[in-house]
Amino acid sequence: MNRSDGLVRRAVKPRENGAEGGGAGLNANTPDDNQDTHDSNKDQEDNIDDGDSKETRLTLMEEVLLLGLKDKEGYTSFWNDCISSGLRGCILIELGLRGRVMIEKSGMRRRGLCTRKLILKSDQQTGDVLLDEALKHIKETDPPETVQSWIEYLSGETWNPLKLRYQLKNVRERLAKNLVEKGVLTTEKQNFLLFDMTTHPLSDNVVKCRLVKKIQDAVLSKWVNDAQRMDKRMLALIFLAHASDVIENAFAPLNDDDYEVAMKRVRELLDLDFEAEAAKPNANEILWAVFMAFTK
């Protein structure tokens, strides 16, 4: 997939604030390696948006799904075939940010991100059912697999029948139910002629508006022009929203000038050398490995 796909021109169709939508033995020379005992505190920090503990805390998966859901209809577009794999990418990044998984060392041959394996760093549960289910699969897999393979396995997009057991099922519905429990969505039944479908319309517009504004600010008023200085969670959100084909939903309300600036800056992020970025000090390699998996 071309890194700039979906960013060339702006749709003229009116938008509705929503669109589409589903080895532990290695040692790393980073300060985080000996901090597994502090994972609980780290989990709390990773989920706080903009430092405001009173805000509704959402995971990356929930944020991407919320961007993709149509506000009134309560479902993702039937034409979006990207959000399923995008959500799996979010799951891997969440596990990485929470210190549960990491990318193996490049070794003497300086192997690239695409060929290096995703390995277990800590099997401590996160408290999130989807994350813990994925973590269990990763823990039980020997030999380890690459990030791209895991995205395919968790999505069920594999020709290997032995790997189908790794598929995470009903991810969108399960995430929507999480958002219902957090008071962001509600649950309804809609009739589509031949079948009934459970939908999840927006019930708390404040949370979604805050999410949209946070993304807009990251590429406009708070733009730092350096991916390494950006908040890792926000950087991941921008990339995964693009990979899930829902990034435009955050920019649709902007005026034309701001829209063009926002899209230009997203393109700059997409055009970065992911290998080079991952090799920089304090970089989180799993972020860049996931980003690269979506550009192959």
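See the structure above.
Counting of residues starts from 1 at the beginning of each chain's written sequence and follows it residue by residue. For this predicted model, a pLDDT threshold of at least 70 governs which residues receive local features, and a threshold of 80 or more governs which side-chain atom pairs are given and counted, while totals over whole chains, interfaces and linings are taken from all residues. Hydrogen atoms and water are omitted, and side-chain values are computed over all heavy atoms in the structure.

*Asks:* Summarise the sheet that holds strand β3 (residues 145-146); cite the residues concerned and give the values.
*Replies:* When DSSP finds two or more bridges between a pair of strands, those strands are recorded as paired. Starting at the N terminus, helices and strands are each numbered in turn, a helix being any DSSP run of H or I of at least four residues and a strand any DSSP run of E of at least two. The strand order across the open sheet formed by three strands is β1-β2-β3, and the pairing between neighbours is antiparallel. Edge positions in the sheet fall to β1 (101-103) and β3, since each of these pairs with one other strand and no more.

*Asks:* Hey, could you go over the nonpolar core for me, with residue numbers and the actual values?
*Replies:* For the purposes of this section, nonpolar cores are sets of buried Ala, Val, Leu, Ile, Met, Phe, Trp, Tyr and Cys residues that join through side-chain atoms within 4.5 Å. Accessibility here uses a 1.4 Å probe with only protein chains present; expressed as a share of the type maximum, an area under 20% marks a residue as buried, one over 50% as exposed, and anything in between as partly exposed. Judged by nonpolar contacts, the single largest core of 81 residues is most densely connected at I215, F251, W288 and F291. Top element by residues in this core is helix α8 (residues 232-243). It accounts for nine residues. Apart from residues no more than four positions distant in its own chain, W288 is found in contact with L113, A227, Q228, L235, F239, L272, F274, E277, A278 and A283. Note on definitions: a residue-residue contact is assigned when non-hydrogen atoms from the two residues lie within 4.5 Å.

*Asks:* Can you explain the pairing of strand β2 (residues 117-120)? Please cite residues and give values.
*Replies:* As a general feature of sheets, a regular strand has side chains that alternate between the two faces. In this sheet, β2 lies alongside β1 in antiparallel orientation, the contact comprising three bridges. Its bridge partner lying in β2, I103 is registered against L118. Two strands pair when backbone bridges link them, and β2 and β3 are joined in this way by two bridges, in the antiparallel orientation. Along β3, the bridge assignment pairs K117 with T146.

*Asks:* Summarise the environment of D196; cite the residues concerned and give the values.
*Replies:* If you trace the backbone, D196 turns up in strand β5 (residues 196-199). When near neighbours in sequence (up to four residues on either side) are disregarded, D196 contacts Q190 and N191.

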